[in-house]
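Each chain is listed here by its residues.
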Protein chains: 2
Amino acid sequence: MAPHQITIKDIAKILGISASTVSRALKDHPDISPKTKTMVQTFAKKVHYRPNALALNLRRSKTNTIGIIIPEMVHHFFSSVLAGIDKIAYDAGYNVMICQSNENYEREISDAQALLDNRVDGILMSLSKTTHKLDHINNLLDHGLPLVFFDRAPEELSVDKVIIDDLMGAKIATHHLISIGCKKILHLAGPQHLQIGKRRRQGYEDALTENGMEYNPNYVIKCDTMDEVYANAGQILEMASEIDGIFAVNDSTAIAAMQVLMKNDIKIPDHISVIGFGDGPNAKIAYPPLSTVEQKGIEMGQEAVKLLIKQIEENEVTTEPSTKVLTPVLRIRESTNKSRLY
Amino acid sequence: MAPHQITIKDIAKILGISASTVSRALKDHPDISPKTKTMVQTFAKKVHYRPNALALNLRRSKTNTIGIIIPEMVHHFFSSVLAGIDKIAYDAGYNVMICQSNENYEREISDAQALLDNRVDGILMSLSKTTHKLDHINNLLDHGLPLVFFDRAPEELSVDKVIIDDLMGAKIATHHLISIGCKKILHLAGPQHLQIGKRRRQGYEDALTENGMEYNPNYVIKCDTMDEVYANAGQILEMASEIDGIFAVNDSTAIAAMQVLMKNDIKIPDHISVIGFGDGPNAKIAYPPLSTVEQKGIEMGQEAVKLLIKQIEENEVTTEPSTKVLTPVLRIRESTNKSRLY
DNA sequence: CACCTTATTGCAAACGGTTGCAATAAGGAA
DNA sequence: TTCCTTATTGCAACCGTTTGCAATAAGGTG
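Residues numbered from 1 in each chain as written. Chains lettered and ligands numbered in written order. Predicted model: local features only at pLDDT ≥ 70, side-chain atom pairs only at ≥ 80, totals over all residues. Heavy atoms only, no water.

Brief notes about the overall build of chain A
Next, step 1: Counting its regular elements, chain A contains 14 helices and twelve strands.
Next, step 2: Its C-alpha atoms give chain A a radius of gyration of 27 Å, clearly above 20 Å, the size a compact globule of 342 residues would have.
Next, step 3: If one aligns the C-alpha atoms of chain A with their principal axes, the spans along those axes are about 90 × 45 × 35 Å.
Next, step 4: Buried positions account for 53% of the 342 residues belonging to chain A. (Helix = DSSP H or I, 4+ residues; strand = E, 2+ residues; numbered from the N terminus. Rg over C-alpha atoms; globule rule 2.2 N^0.38 Å. Buried < 20%, exposed > 50% of the residue type's maximum accessible area, 1.4 Å probe, protein only.)

Let's talk about the relation of the copies chain B and chain A
Next, step 1: Least-squares fitting of chain B to chain A yields an RMSD of 0.2 Å, with the transformation described by 0.1 Å of translation along the axis and a rotation of 180°. Both copies of the chain, as the preceding transformation shows, are related through a two-fold rotation axis. Among all C-alpha atoms of chain B, that of B:Met97 lies closest to the rotation axis, at 2.3 Å.
Next, step 2: When the interface residues of chain B are mapped onto chain A, 98% of them again fall at the interface, so both copies present the same face. (Least-squares fit on C-alpha atoms with pLDDT ≥ 70 in both. Contact = heavy atoms within 4.5 Å.)

Quick look at the packing of aromatic side chains
Next, step 1: Applying the stated criterion to the full structure yields five aromatic pairs over all chains.
Next, step 2: Centroid distance A:Phe77 to A:Phe78: 5.5 Å. Interplanar angle 55°. Geometry classified as tilted. A:Phe78 carries the same exposure label as A:Phe77, and that label is buried.
Next, step 3: Residue placement shows A:Arg107 over the ring face of B:Tyr90; its charged tip is 3.4 Å from the ring centre. (Phe/Tyr/Trp six-rings, centres within 6.5 Å; stacked < 30°, edge-to-face > 60°. Lys NZ or Arg CZ within 6 Å of the ring centre and 35° of its normal.)

Here's the deal with the domain arrangement of chain A
How big an interface is tends to be reported as the loss of accessible area on association of its parts.
All names here are of chain A.
Next, step 1: Domain assignment breaks chain A into domain 1 (8–51), domain 2 (62–162 + 297–326) and domain 3 (166–295 + 330–341).
Next, step 2: Between the C-alpha centres of domain 2 and domain 3 the distance comes to 32 Å.
Next, step 3: Across the boundary between the two partners, domain 2 contributes four residues, which contact six residues of domain 3.
Next, step 4: Taken together, the two surfaces of domain 2 and domain 3 that pack against each other cover about 420 Å², and 54% of this comes from carbon and sulfur.
Next, step 5: The largest share of the area that domain 2 buries against domain 3 comes from His76, Phe77 and Glu155, three residues that together contribute 74% of it. (Domains from an automatic or database assignment. Buried area = accessible area lost by both parts, 1.4 Å probe.)

Observations concerning the side chain of B:Arg119
Next, step 1: Tracing the chain through its elements places B:Arg119 in the loop between helix H6 (105–117) and strand E3 (122–125).
Next, step 2: One buried charged side chain, B:Arg119, makes no salt bridge at all; its nearest oppositely charged neighbour is B:Asp117, positioned 4.9 Å away.
Next, step 3: Look past the residues within four positions of B:Arg119 in its chain and what remains in contact with it is A:Gln5, A:Arg50, A:Pro51, A:Asn52, A:Leu54 and B:Thr63. (Lys, Arg positive; Asp, Glu negative; His and termini not counted. Salt bridge = Lys/Arg side-chain N within 4 Å of Asp/Glu carboxyl O.)

Quick word on the protein's contact with DNA strand C
Next, step 1: Within the structure, DNA strand C sits among 25 residues, and A:Thr21, A:Arg24, B:Ile8, B:Ser23 and B:Arg59 are positioned closest to it.
Next, step 2: Atoms of DNA strand C within 4 Å of the protein belong to the sugar or the phosphate in 56% of instances, the rest to bases.
Next, step 3: Interatomic distance of 2.9 Å between a side-chain N/O atom of B:Arg24 and a base oxygen of DNA strand C.
Next, step 4: One of the side-chain N or O atoms of B:Arg59 is found 2.7 Å from a base nitrogen in DNA strand C.
Next, step 5: Counting residues per element, the ones that place at least two in the surface near DNA strand C are helix H2 (19–26) and helix H4 (53–60) of chain A together with helix H1 (8–15), helix H2 (19–26) and helix H4 (53–60) of chain B.
Next, step 6: Looking at the surface near DNA strand C, its residues break down into eight nonpolar, nine polar and eight charged. (Near = heavy atom within 4 Å. Polar contact = N/O pair within 3.5 Å; in protein donor to acceptor, adjacent residues only side chain to side chain. Nonpolar A, V, L, I, M, F, W, Y, C, P; charged D, E, K, R; others polar.)

Concerning the side chain of B:Thr36
Residue and element names in this part refer to chain B.
Next, step 1: Relative to the helices and strands, Thr36 is located in helix H3 (residues 34–46).
Next, step 2: We classify Thr36 as buried; its relative accessible area is 19%.
Next, step 3: Within polar-contact distance, the side chain of Thr36 engages the side chain of Ser33 at 2.5 Å.
Next, step 4: Ignoring any residue separated from it by four or fewer positions in sequence, one finds Thr36 in contact with Ile17 and Thr21.

Considering the interface of chain B and chain A
Next, step 1: With 53 residues of chain B at the contact, the number on the chain A side is 52 residues.
Next, step 2: Summing both partners gives a buried area of about 5200 Å² for chain B against chain A, and 57% of it is carried by carbon and sulfur.
Next, step 3: Sorting the residues of chain B by area buried against chain A places B:Leu54, B:Ile285 and B:Tyr287 first, and these three jointly supply 14% of that buried surface.
Next, step 4: Taken together, the links from chain B to chain A amount to six salt bridges.

Concerning the nonpolar core
Next, step 1: The biggest cluster of nonpolar side chains holds 88 residues, and the ones touching the most others in it are A:Leu188, A:Phe247, B:Leu188 and B:Phe247.
Next, step 2: Core analysis: the second largest hydrophobic core is formed by 54 residues, A:Ile85, A:Val305, B:Leu82 and B:Val305 among them. (Core = buried A, V, L, I, M, F, W, Y, C linked by side-chain atoms within 4.5 Å.)

Structural notes on unusual backbone geometry
Residue and element names in this part refer to chain A.
Next, step 1: With an omega of 10°, the peptide bond running from Ile268 to Pro269 counts as cis.
Next, step 2: Mapped onto the elements, Pro269 comes out in the loop between helix H12 (251–263) and strand E9 (273–275).
Next, step 3: Cis geometry marks the peptide bond from Tyr287 to Pro288; its omega dihedral reads -5°.
Next, step 4: If you trace the backbone, Pro288 turns up in the loop between helix H13 (282–285) and strand E10 (292–294).
Next, step 5: Phi is positive for Asn64, which is not a glycine, with a value near 55°.
Next, step 6: Looking at the secondary structure, you find Asn64 in the loop between H4 and strand E1 (65–70).
Next, step 7: Unusually for a residue other than glycine, Asp265 sits at a positive phi of about 60°.
Next, step 8: Here Asp265 shows up in the loop between H12 and E9.

Some words on the pairing of strand E2 (residues 95–100) of chain B
Residue and element names in this part refer to chain B.
Next, step 1: Of all six residues in E2, six are buried, a share of seventy percent or more.
Next, step 2: Neither face of E2 is exposed, since Asn95, Met97 and Cys99 on one face and Val96, Ile98 and Gln100 on the opposite face are all buried.
Next, step 3: As paired elements, strand E1 (residues 65–70) and E2 share six bridges and run parallel to each other. Among the inter-strand pairings, Ile68 is bridged to a residue of E2, identified as Ile98.
Next, step 4: Read as a crossover between parallel neighbours, the route from E1 over helix H5 (residues 76–91) to E2 is right-handed. (Pairing = 2+ DSSP bridges. Right-handed = clockwise from strand over helix to strand, strands pointing away.)

Focus: the protein's contact with DNA strand D
Next, step 1: Taken together, 26 residues lie around DNA strand D, and A:Ile8, A:Ser23, A:Tyr49, B:Thr21 and B:Arg24 are the ones closest in.
Next, step 2: For DNA strand D, the backbone portion of the atoms within 4 Å of the protein, that is sugar and phosphate, comes to 58%.
Next, step 3: Measuring from a base oxygen of DNA strand D, one finds a side-chain N or O atom of A:Arg24 at 3.0 Å.
Next, step 4: The side chain of B:Arg59 places a nitrogen or oxygen atom 3.1 Å from a base oxygen of DNA strand D.
Next, step 5: The residue makeup of the surface near DNA strand D, split by class, is eight nonpolar, ten polar and eight charged.

Listed below in structure tokens is the structure:
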């Protein structure tokens, strides 16, 4: 098996000097004589000496590792966040240790413990959907561990967080539909007991009233997955004749709605304009390509890790926790572009 | 800052006994008297003692961590592989340390070194597209580090690997087109200097000849991105009248082709059936939903990590490196289903 | 020549845990 | 009472590196 990685002690023994001298020589300590230094350094290079990170970590109680707890990896938004984190972290000399909670509260707890046990220098996390208590978070905080939340952050805790402005995003989307002339807009909404569903519906309502249009609860259907669209196809088709725009709580829902409408010979965007809310590259693939509000996953990851690194390196200076709010951007494609498609 | 995690030494001091006794009591060593044991154990529980993983790792030179080097995270296939790895690894008590090479050779080298420095117990990796030398791989091997490749494996090295049978996948796809009656099938091919492009084209050719059909090089167009499809739209449309099937080297190419055809009033699958090769969930989103050959990313991750854990735990028993070949599966949707769409 | 600097090196402790072996004390047998 | 077991505990070394401090030797000064 492993031909035993060479250590400082090995070098010391071979060169007939002490380990401390080797250690100092390797890092150019002024106390060491030039002769010894070059001797040690050239020898170390020759045998490909590499310090044992485990020993270093233990000594300094500093691992140069950032722990990440993420609900899901097979998800365009979250994997984008990971990519954003990774880039900045790598450039700053940190490794990342990633745990996937699988939207499972118990798993999230054990992940947090594992990262704590491994003495990561800080943690980035996004809460799982099933997390209903925050004891494990408070535990991390009690240990003084730097911690930054992204996307799904606990409202009641005063910690650093990076989130997106769902309300603004929904307003932007709805405004866009209005600006191209839509008068009756249907909203396919998410569950109203979740922040995300609530805020996006509220943004829709705000945009209407801001434009002097009436908010009609009958134009809000709870429907946020492709399957749910198929299940509610009848209801949607019934309304199709009276509406001229649809704002869906996410892209897959919007795409499913387009599929249903098109199969029934309703043209998009000619008869009805459709806009989604960005959960990935699906929008570009869709037919017609879907206008949507794009969540900048990469940017979110970058901002979060920057905050974390600041916490880690600016030790003790307990500044007030900051909340960074990212505003999503409108991407106009053919599903709301009445002039360009044909 | 951190209120200093409690250690075995702390417990020993407080309880007035030696650290070794505490250590043994905590792990139910038979030498320790029942009284001492319960005293130590209950006290440890009370103060939430947790062993310092760093110290353990150093002592045992075993980190219970698996290193992963992956070209890209924002990619459905690779993130699926990660998810597969994570599940098995977690159940087996391993953490994962993930590095993203970003398809960059230099970065891949530095990632490999970082994982080596951190003494991970083994490495799972998929080569970056720009990797042209294998010194860093051989370096890992020289250190006796367990190593398993997935998807993109070096052909010339005798190591464990888990790969996909591209040739078989392409054959399956082409066979399917033939089985539903296609007589003239166009192949939108990948670059022929890459394994993946070569094998998929070969599978297409094999399927034709196996069915007594003539292989015509004019029916192979090098074209493997959406943009390339748009650029070659003219050529594709010219051929559209003589062909009745398209096999594309990947899903996005197939989807772009469908878009181009549909805009020119060519019906799918009525006039032309289209099948892709699985790079993700796009196929379901497409209109019409795209038939494709699905690569099982999760399964690949699981198989790879199983091989790796076997290597790690079955120390020294240097069995022959094994290559596991996964066969992708056919997913039939409406783009090749002449009866169901309308 | 004795004494003080200064340059260079090594010793030993520390990070937090594990473990072989010695040490102690208590109990039993003769 | 004396010796031998046996049960229980502690000492010390170790994993690989860093670092405060002491130690040594060489050189300079009076």
